[in-house]
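# Working through the structure, step by step
One letter stands for each residue in the lines below.
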Amino acid sequence: MKTKQILNTIKIISWILFIGLCIKLGAILISSTISLFVNTAAAEDLYLGLDLSNVYDFSKNHYVMLLSLVVSILALKAYLFYLVIKIFLKIDFDMPFTKVIANLISDISYFSLSAGVLAYIANRYSNWLQKKGVLFDLEWGSSEFLFMAGIVFIIALIFKRGIEIQSENELTV
């Protein structure tokens, strides 16, 4: 009984985080579009104090590249929570080891790896820009994504082994 309550709480939190990330992604997309085409002063506060005006003043191309990285990583984060929500929608707790769930968990590990690699590239690019004298504050979290990808990949392998054991047990009954 307690496990179901915990899982329902996690499901609700996943929905909240997914919606929050989608709102953040949409806000950054809209404010960056405004900063590029309507008012350059919008680069000073893209979303909740994100100030990339120094990058915009340095080079519009670097500004667009940095925004592309921010948007891509946010989109990957939102998609990761979408996959978590999809797991909650498809899982049957009486028979949890199914190919669909194992594939979703594998997808989470692959997209976490993608986000980690992209965040690592973004971190290196940010460091390069800062060496050029462009000051801004962004935290990419590449190591966290890579660590999460490794853990979720191990869980995916365990799930695949669980599917094998579950199918063997069904055959012996």
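The coordinates are above.
In this text, all values refer to a predicted model and were calculated from it rather than measured experimentally.

To continue, consider helix α4 (residues 99-131). In this model, α4 (33 residues) spans 48 Å end to end at C-alpha, consistent with the 48 Å of a helix rising 1.5 Å per residue. Two residues or fewer after α4 comes Gly133, characterised by a positive phi angle close to 100 degrees.

Attention shifts here to helix α1 (residues 2-37). Between its first and last C-alpha, α1 extends 52 Å over 36 residues, near the 52 Å set by a 1.5 Å rise per residue. For α1, the complete set of buried residues consists of Ser14, Phe18, Leu21, Leu25, Ile28, Ser31, Ser32, Ser35 and Leu36.

In this section: a nonpolar patch on the surface. A surface patch of nonpolar side chains, about 420 Å² in accessible area, is lined by Leu113, Val117, Tyr120, Ile121 and Leu146. At four residues, the largest contribution of residues to the nonpolar patch is made by α4. Relative to the elements of secondary structure, Leu113 occurs in helix α4.

Assignment of secondary structure puts Ser53 in helix α2 (residues 53-58). Expressed as a C-alpha distance, the spacing of Ser53 and Val134, which sit 81 residues apart in the sequence, is 9.6 Å. For Ser53, the contacting residues outside a window of four places in its chain are Ala43 and Glu44.

Turning our eyes to something else, we now look at a negative patch on the surface. On the surface, a cluster of negative charge is contributed by Glu44, Asp45, Asp51 and Asp57. Looking at the secondary structure, you find Glu44 in the loop between α1 and α2.

So, how was this worked out
- Residues numbered from 1 in each chain as written.
- Predicted model: local features only at pLDDT ≥ 70, side-chain atom pairs only at ≥ 80, totals over all residues.
- Heavy atoms only, no water.
- Helix = DSSP H or I, 4+ residues; strand = E, 2+ residues; numbered from the N terminus.
- Expected span 1.5 Å × (residues − 1).
- Buried < 20%, exposed > 50% of the residue type's maximum accessible area, 1.4 Å probe, protein only.
- Patch = residues over 30% accessible without salt bridge, like charges linked within 9 Å, V, L, I, M, F, W, Y side chains within 5 Å.
- Areas by Shrake-Rupley, 256 points an atom, 1.4 Å probe, with all protein chains shown as cover.
- Salt bridge = Lys/Arg side-chain N within 4 Å of Asp/Glu carboxyl O.
- Contact = heavy atoms within 4.5 Å.
- Lys, Arg positive; Asp, Glu negative; His and termini not counted.
- Charge placed at Lys NZ, Arg CZ, Asp CG, Glu CD.

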